[in-house]
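Here is what each chain is made of, one letter per residue.
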Amino acid sequence: VRTTVGRGFSCKENELVDYQSAFDNAVESAKILCEHARPHGVTVLAENLEFKNRCYMLCTPVELKRMIDRVNRENFGILLDVGHLKVAGNRLKFHDNLLEELLGDYIKELHVNSNDGKTDTHDSLDSLDDCSVEIIKAFRVPTVLELRPVEIDMILDNIAMFEDKVGDHVRV
């Protein structure tokens, strides 16, 4: 698999490939991973990104749905990072109102943290906005709290805040 996945892709700034070639490469790589994972009962997940610059992909619900459609494998889904979604939505000026309609059945896991909508800082959940809470409630899938810095008291406080804001939910 190592010799096939991502083949021909360069991360050197002066050798960047065009968006469509990079997207096609990601699709073909995901298909290969899915084929290798299928006999083991493993689902391959693509995580949405926050959009730091034009080299980022898989930042919008429409783009994630396009990836799902192109990969077209039963063992392929989305790991939705709520913090990334907030930053990408602000930077790219989109709203998440199509999220559930486009991706509902494909979201298999959530990563949850809070941020200011400008940078994915993995902040404590005490500043988790209502929109993020509604997204979390919409998807009853395994959820990981992604926080920095991490100290045991902070983790315990954030678990309690999560349960208070979201209620009964699937946790990992």
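Structure's up top.
Residues numbered from 1 in each chain as written. Predicted model: local features only at pLDDT ≥ 70, side-chain atom pairs only at ≥ 80, totals over all residues. Heavy atoms only, no water.

J.: Looking at this model, I keep getting lost on the overall build of the chain. Mind explaining?
T.: Within the chain one finds six helices and four strands. For the chain, the N- to C-terminal ordering of α and β elements is α-β-α-β-α-α-β-α-β-α. Burial statistics for the chain: of 172 residues in total, 41% are counted as buried. The contacts in the chain between residues at least 6 apart in sequence include a share of 75% that link residues at least 24 apart. Accessible surface, the chain: about 9900 Å² in total, of which carbon and sulfur atoms supply 51%. (Helix = DSSP H or I, 4+ residues; strand = E, 2+ residues; numbered from the N terminus. Buried < 20%, exposed > 50% of the residue type's maximum accessible area, 1.4 Å probe, protein only. Contact = heavy atoms within 4.5 Å. Areas by Shrake-Rupley, 256 points an atom, 1.4 Å probe, with all protein chains shown as cover.)

J.: Please clarify how the layout of surface pockets should be interpreted in this entry.
T.: Using a probe with the size of a water molecule, rolled over the atoms, empty space left in the structure can be pinpointed. As a volume, the largest pocket reaches approximately 220 Å³. Along the walls of the largest pocket sit 13 residues, with Leu85, Lys86, Asn90, Asp96 and Cys131 positioned nearest its centre. Every element with two or more residues in the lining of the largest pocket is listed here: α3 (82-92) and α5 (130-138). (1 Å grid on protein atoms, 1.4 Å probe; cavity = no way out; pocket = protein on both sides within 12 Å on 5 of 7 lines; lining within 4 Å. Points joined across faces, edges and corners; volume = space filled by probe spheres on them.)

J.: Got a minute to help me understand the packing of aromatic side chains in this structure?
T.: For any pair of aromatic rings, the description rests on two quantities: the centre-to-centre distance and the angle between the ring planes. This model, assessed by the stated rule, comprises one aromatic pair. Centroid distance Tyr19 to Phe23: 5.9 Å. Interplanar angle 25°. Geometry classified as stacked. A residue pair is termed a helical-turn pair when its members lie 3 or 4 positions apart in one helix, as Tyr19 and Phe23 do in helix α1 (residues 19-37) at four residues. Over the ring of Phe23 we find Arg66, and its NZ or CZ is 3.9 Å from the ring centre. (Phe/Tyr/Trp six-rings, centres within 6.5 Å; stacked < 30°, edge-to-face > 60°. Lys NZ or Arg CZ within 6 Å of the ring centre and 35° of its normal.)

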